[in-house]
Amino acid sequence: MATTVIRNADLVIAWDGAAQQHVYLTDAEVAFRDGAITFVGRGYDGPAEEVIDGKGMMVMPGLVNIHCHPSSEPMNKGLIDEIGSPGLYNSSLYEYMPIFRADAEAVPHCVRVALSELLLSGVTTVADLSMAHPGWMDLLAESGMRVCVAPMFRSARWFTKNGHVVEYEWDEKAGEKAMGEALQLMERAEQHPSGRLFGMVVPAQIDTCSETLLRESFEESRKRGLAWQIHAAQSVVEFHEITRRHGLTPIGWLDEMGLLSERSIIGHGIFLDDHPSTRWHTENDLDRLAATGTTVAHCPTVFARRGITLKHFGRYRKRGVNMGIGTDTYPHNMLDELRLVSYLARTQSGDPRSLTSTDLFDAATIGGAKALGRDDIGRLAPGCRADFVTVDVTHPMMRPARDPMRSLIYAAGDRAIRSVHVDGEAVVKDGKLLTMDYEGAAAALDEAQKRILDRAPQQDWAHRPVEKISPPTFRWA
């Protein structure tokens, strides 16, 4: 294939291999061929069959999102923004989210909306934690993204009959069967002709999986050389359920079983033994995460809506925990998520020095790549995949441009993104998505939500009308 060169870029966020960190490189060039980067630096004099003018642009590595639910979350827009169960510590997991679940017809629209928003906000790799659905692989490949396919499985389902007690219905054989099917899906992902799909083993939640399923799934991830992720320490209800069952915190129980490791990712990891909402008689959880090399997938928006937050990102980083970022919920905008990470961390610590923009960008690139077991994404260096984003540094919201990354995170956001490439192929150009019909999917999702709302009262334990479950901002006159 031909070599493409980005010439005279105002700025490249390049990878300094010796220092193991991103650096600003001015007046630089990036060359790539066959989907891989061949040169990052100044004075490129190799072949250049195609040239992209980099003037006025910052070239940065594509963002890595390690926790996302594209097949379900877009359906919830306008419904669960302001609700949580008061009897379940304001979580929405058990009472409300099952009411508005997307049906089979709506799922492809959900996926297209979510992946479109991710691409437009600079994400080139995403971990899709979904229940398997028809046409999943081809739909992911259609986006042009690099996708970690993460089919979830579990031994039990949770439900509530009254809004203040969570119950579990167990079927361990079904969980084992679902894990087998998930492993087959991951094998299919690796063989997909797009070449951009790979797998991750995901027992869904710590409180819905048997000990056998947890141990077996972790062993499968080890044998296959894949990352392993689980939702854990994500609610006060779950924290108390695990301490009741095992006399250990969720993190403590995982550690006791030997399931914390460099290949392990904890989805959320908020309620540790020293969290103010779950004070336990130990203060070991954070050290357990750091000592084992476990990653925490931090997704602030979904919890901030309910007055819940990590205590706090900077503290985890300083203790040595590898941090990655996800967009668990809508909007699927990675740059918005980074901004919220920063603001919540600083308000929780009471210290504007508790984390830096370097910490944020590292988590969204190399931190996420490390969690997924990849050293060829999340950085711009020869040999890495040509997954990159160009940002218009002349955009009014990027100026003054003393520190372009800060301007991008704290001001411009996705408005300044001009192009996104995955494996060297453009998936966003001139701020427009090339691979999926975002507007069409959003319109179809709007119609699908109306259908879901019609049946919502039948899904609710109290059979409440939607207007009572989720009152509108203003009365419809």
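In case you missed it, the structure is sitting above this.
Summarised in this report is the structure supplied together with it.

Cut-offs used in this document
- Residues numbered from 1 in each chain as written.
- Predicted model: local features only at pLDDT ≥ 70, side-chain atom pairs only at ≥ 80, totals over all residues.
- Heavy atoms only, no water.
- Helix = DSSP H or I, 4+ residues; strand = E, 2+ residues; numbered from the N terminus.
- Rg over C-alpha atoms; globule rule 2.2 N^0.38 Å.
- Buried < 20%, exposed > 50% of the residue type's maximum accessible area, 1.4 Å probe, protein only.
- Contact = heavy atoms within 4.5 Å.
- Areas by Shrake-Rupley, 256 points an atom, 1.4 Å probe, with all protein chains shown as cover.
- Lys, Arg positive; Asp, Glu negative; His and termini not counted.
- Charge placed at Lys NZ, Arg CZ, Asp CG, Glu CD.
- Pairing = 2+ DSSP bridges.
- Salt bridge = Lys/Arg side-chain N within 4 Å of Asp/Glu carboxyl O.
- Polar contact = N/O pair within 3.5 Å; in protein donor to acceptor, adjacent residues only side chain to side chain.
- Axes fitted to C-alpha atoms, helices over the stretch in contact; angles between N-to-C directions.

## Focus: the overall build of the chain
Phase 1: Of regular secondary structure, the chain possesses 14 helices and 19 strands.
Phase 2: Over its C-alpha trace the chain gives a radius of gyration of 22 Å, about what one expects of a compact globule, namely 23 Å for 477 residues.
Phase 3: Oriented by its inertia axes, the alpha-carbon framework of the chain measures out at about 70 × 55 × 45 Å.
Phase 4: With 477 residues in all, the chain has 61% of them scored as buried.
Phase 5: Within the chain, contacts between residues separated by at least 24 positions form 75% of all contacts whose residues are at least 6 apart in sequence.
Phase 6: A total accessible area of about 19,100 Å² is found for the chain, and carbon and sulfur atoms account for 49% of it.
Phase 7: Charge centroids of the chain, computed over 51 positive and 64 negative side chains, lie 3 Å from each other.

## Some remarks on the pairing of strand S13 (residues 264–268)
Phase 1: Taken across its five residues, S13 has five buried, putting it largely inside the fold.
Phase 2: Sheet analysis places S13 next to strand S14 (residues 295–298), joined by three bridges and oriented parallel. The partner of Ile265 across the bridge, within S14, is Thr295.

## What about the pattern of salt bridges?
Pairing between side chains of opposite charge can happen when the charged atoms of each approach one another.
Phase 1: Taken as a whole, this structure holds 34 salt bridges when the rule is applied.
Phase 2: When the shortest N-O distance is used, the salt bridge between Asp34 and Arg33 registers 4.0 Å.
Phase 3: One salt bridge in this structure joins Arg224 and Glu187, with 2.9 Å as the shortest N-O distance. Here Arg224 is found in helix H4 (residues 211–224), whereas its partner Glu187 is found in helix H3 (residues 172–190), with 37 residues between them in sequence.
Phase 4: Overall, Arg224 belongs to the partly exposed group, its relative accessible area being 33%.

## Digging into the side chain of Asp103
Phase 1: If you trace the backbone, Asp103 turns up in the loop between strand S6 (63–68) and helix H1 (107–120).
Phase 2: At 2.9 Å, the side chain of Asp103 and the backbone nitrogen of Ala106 are in polar contact.
Phase 3: In this structure the side chain of Asp103 is engaged in a polar contact, spanning 2.8 Å, whose partner is the side chain of Arg451.
Phase 4: If near-sequence neighbours (up to four positions away) are discounted, Asp103 is found in contact with Arg451, Ile452 and Arg455.

## Focus: the environment of Asn333
Phase 1: Secondary-structure assignment places Asn333 in the loop between strand S15 (322–327) and helix H10 (334–349).
Phase 2: Taking relative accessible area as the criterion, Asn333 reaches 9% and is therefore assigned buried.
Phase 3: Separated by 270 residues in the primary sequence, Asn333 and Leu63 place their C-alpha atoms 11 Å from one another.
Phase 4: Not counting residues within four places of it along the chain, the set of residues in contact with Asn333 comprises Ser121, Thr327 and Asp414.
Phase 5: Within the local environment of Asn333, its side chain forms a polar contact with the backbone nitrogen of Leu335, the two atoms lying 3.1 Å apart.

## Some remarks on the sheet that holds strand S7 (residues 123–130)
Phase 1: Strands sit in the order S6-S7-S8-S11-S12-S13-S14-S15 around a closed barrel of eight strands; the barrel is parallel. Direction aside, the axes of adjacent strands within the sheet are offset by 30° on average.
Phase 2: Packing of H1 onto the sheet brings it into contact with S6, S7 and S15, and relative to S7 it is tilted by some 150°.
Phase 3: Those strands touched by helix H2 (residues 136–143) are S7, strand S8 (146–153) and strand S11 (197–203), and its axis lies near 150° from that of S8.

None of the figures reported here should be taken as evidence of function without further support.
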